[in-house]
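# Architecture at a glance
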Amino acid sequence: YPEFVGNTIGNADLEPQRTTMYEIGLQQELTPTIGVTLTGYYKDIRNLLGLEIHIKNDFKKFGKYVNRNYGAVRGITLSFEKRLTDGFGANVDYTYQIAKGDASDPNDDYNKAQASPPIESNRSLVPLSWDRRHSLNATVTLGTPNDFIASLIGRFGSGLPYTPSLVNQRTGLENSDTRPSFYTVDLYCTKYITFNGMNLSLF
């Protein structure tokens, strides 16, 4: 058989992707202005697209889209809220999650078949390409409602997984390494004014 796969074809009989999510949580008021929430969740993702390799006339290979891949996500979120009182408010939430599946890309089997030498497909669960293990968001707000408000917004996320390669040749297992983490900080200010009978906000 030839080493490479030819083109790919669609499939009108594909089933829609189905996600079932289970979630349980607890909300607790610590003081009249401070609350905390703890949430655990699990997602079952089925009918994800994949490519099935076919051989036509005993020599020509092609790929056909089918529902074959599966994913599962589980995680926990802890959030803290301080309502804006006495000129100060804050929100902080942290999420830890694990997202694994058969493949992140519907064309994964096609790409493996096109490699030189071809890479054998496996059905073991690997980290999905959007598997961000750690996420942290924080907002600090200062000011007076309907007058002037300034918010400092910070976001942090751990790196997403990727497959190590060198000169288009894989040097490690699928999604076995992790990209660098990232963070951003934004400042958002709003001033409320009354002009000619209209309530306006400048931001």
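With that settled, consider the overall build of the chain. Scanning the chain for helices and strands turns up one helix and 14 strands. Taken across its 203 residues, the chain has 26% of its residues classed as buried. Counting only contacts in the chain whose residues sit at least 6 apart along the sequence, the fraction spanning at least 24 positions is 60%.

Turning our attention to the nonpolar core. Counting six residues, the largest nonpolar core is built from Y41, I45, L48, V73, A99 and L128. At three residues, strand β3 (residues 34–56) tops the list of elements feeding residues into this core. In contact with Y41, not counting residues within four places along its chain, are M21, Y22, E23, V73, R74, G75, I76, T77, T95, Y96 and Q97.

Where strand β13 (residues 182–195) meets strand β14 (residues 198–202), five bridges bridge the pair, whose relative direction is antiparallel. Bridge pairing in β14 links Y192 to S201. A loop of two residues connects β13 with β14, the two strands running antiparallel in sequence, and N196 in this loop sits at a positive phi of about 55 degrees.

Let us now look at the packing of aromatic side chains. Following the criterion strictly, the structure yields two aromatic pairs and no others. Consider the rings of Y188 and F203, whose centres lie 6.0 Å apart with planes at 20 degrees: the pair is stacked. Residue Y188 is found in strand β13, and its partner F203 is found in the segment after β14; the two are separated by 15 residues along the sequence. Note on Y188: relative accessible area 42%, which makes it partly exposed. On the basis of relative accessibility, which here comes to 71%, the residue F203 falls in the exposed class.

About the cut-offs
Residues numbered from 1 in each chain as written. Predicted model: local features only at pLDDT ≥ 70, side-chain atom pairs only at ≥ 80, totals over all residues. Heavy atoms only, no water. Helix = DSSP H or I, 4+ residues; strand = E, 2+ residues; numbered from the N terminus. Buried < 20%, exposed > 50% of the residue type's maximum accessible area, 1.4 Å probe, protein only. Contact = heavy atoms within 4.5 Å. Core = buried A, V, L, I, M, F, W, Y, C linked by side-chain atoms within 4.5 Å. Pairing = 2+ DSSP bridges. Phe/Tyr/Trp six-rings, centres within 6.5 Å; stacked < 30°, edge-to-face > 60°.

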